[in-house]
Amino acid sequence: MRTITIGIDLAKSLFSVCELDSTGRVAQRRDLRREAFGQWLAQVPQGTVVAMEACSGAHHWGRRCLDAGLQPRLMAAQFVSPFRKRQVAKNDRNDAEAIAIAASQGSMRFVPVKTLEQQARLAEHRVREGYKVEGLAVSNRLRGVLAEFGVAIPHSDAALRRTLANLSEWPIPQRLQTLLLDLQQHWHHVGEQRAACDARIAANAKADARCQRLQRMIGVGPLTADALVATIGNGTDFKNGRQLAAWLGLTPAQHSSGGKARLGRITRRGDSYLRTLLIQGARSSLQRAQATPRERATPEQIWIRDLASRLPFGKVLVAIANKHARQAWAMLARGEDYDPNAWL
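Small disclaimer: the values here were computed from a predicted structure and weren't measured. (Residues numbered from 1 in each chain as written. Predicted model: local features only at pLDDT ≥ 70, side-chain atom pairs only at ≥ 80, totals over all residues. Heavy atoms only, no water.)

K.L.:
Looking at this model, I keep getting lost on helix 4 (residues 92-103). Mind explaining?
P.N.:
Each turn of an α-helix holds 3.6 residues, which means side chains three or four residues apart point in the same direction. A rise of 1.5 Å per residue sets the reference length of helix 4, with its twelve residues, at 16 Å; its end C-alpha atoms lie 17 Å apart and thus fit the reference within 8%. Every buried residue of helix 4 is listed here: Asp-95, Ala-96, Glu-97, Ala-98, Ile-99, Ala-100, Ala-102 and Ala-103. Between the side-chain oxygen at the start of helix 4 and the backbone nitrogen of Arg-93 there is a gap of 3.2 Å, and the oxygen is on Asn-91. (Helix = DSSP H or I, 4+ residues; strand = E, 2+ residues; numbered from the N terminus. Expected span 1.5 Å × (residues − 1). Buried < 20%, exposed > 50% of the residue type's maximum accessible area, 1.4 Å probe, protein only. Polar contact = N/O pair within 3.5 Å; in protein donor to acceptor, adjacent residues only side chain to side chain.)

Here's what the structure looks like:
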């Protein structure tokens, strides 16, 4: 029988392939090295569904499938796990079969394949986050070493710079000053690299009309706008703004039964980086709304002020971030400019 679905368990070197026929039975299994896998993929009949988990390298192979005329299907790993026959028997072959079975489900949700441009822009954000974490680690290392010699520094980068500039005033051994100088230079280098990433991201956002439209919302700057565009493109993979908000984990989890709705905390699923940016932007939206006189406030700012008067701080931020996500989808999917009165 003709192969209709192929499940692939991706790896660094050895790829496991499972082919299903039209009845859903396993027609063939094979294990291929990386070079052989690329050659075999070019020989698969056009139009065949090729399913993979959305892991590292999946978007690259998804683009290779598109170039070969295949239909790539990327799925979140948590959607594949229930289709493994035995949860305790996890191996590459069982995973490939589970991927193929999951992809054949009519209600399965798939991850869109990102373009090279999208992945390149997202790489800037990932590298920037790495520099941010590394810079914090180096600054904490400096504070920890200095604290051992009685030098207590307030929790700010400016205070740390002032202390490092006046090390000679403290009774610190010479060999330690040399070590601290090396650490200081590394800290400054990491900060410069992060600033360079910020500049490139801002340039990308300035050159993209979609990012310019998104930045008209209070609380959405170049970083958030560029991350949104690089991640979801025009937003056409989502039916509406509520789907985008749910994908970002900004909607409450449901534990409903017997017709009685029970809502819990937000799911915190999906892209944690985008969710963090939107919630941080919601802080500035809340501050701006509270600082603006009511007679000059926009309808959205009035809504935020009323919300803040009856809900805890954290819930207010999530509600604002949820609204911003839905507004961003409408602006991207429909090509609209920001209108603070549109929801009225």
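Picking up after the structure, the text goes on.
K.L.:
Any chance you could explain the packing of helix 7 (residues 174-207) against helix 9 (residues 222-232) here in plain terms?
P.N.:
The geometry of a pair of packed helices is captured by two quantities: the angle between their axes and the separation between those axes. Across the interface, helix 7 lies against helix 9 with an axial gap of 9 Å and an inter-helix angle of 70°. Between helix 7 and helix 9, the angle falls in the class roughly perpendicular. As for the relative orientation of helix 7 and helix 9, their crossing is left-handed in sense. Of the residues in helix 9, those touching helix 7 at Ile-201, Ala-202, Asn-204 and Ala-205 are Pro-222, Leu-223 and Asp-226. Of the residues in the contact of helix 7 with helix 9, the class split is five nonpolar, one polar and one charged. (Axes fitted to C-alpha atoms, helices over the stretch in contact; angles between N-to-C directions. Parallel < 35°, antiparallel > 145°, perpendicular 65-115°, else oblique. Left-handed = near helix turned anticlockwise from the far one by under 90°. Contact = heavy atoms within 4.5 Å. Nonpolar A, V, L, I, M, F, W, Y, C, P; charged D, E, K, R; others polar.)

K.L.:
When you look at the pattern of salt bridges in this model, what are you seeing that I'm missing?
P.N.:
Charged atoms that come close allow side chains of opposite charge to pair. Applying the stated criterion to the full structure yields 16 salt bridges. Between Arg-121 and Asp-208 there is a salt bridge, with the nearest N and O atoms lying 3.0 Å from each other. With Arg-121 in helix 5 (residues 116-147) and Asp-208 in the loop between helix 7 and helix 8 (209-214), the pair connects residues that are 87 residues apart, well separated along the chain. The residues Arg-121 and Asp-208 share a single accessibility class, namely buried. The shortest N-O distance in the salt bridge between Asp-208 and Arg-210 comes to 2.9 Å. What makes Arg-210 partly exposed here is its relative accessible area of 24%. Through salt bridges with shared partners, a single ionic network connects Arg-121, Asp-208, Arg-210 and Asp-226. (Salt bridge = Lys/Arg side-chain N within 4 Å of Asp/Glu carboxyl O.)

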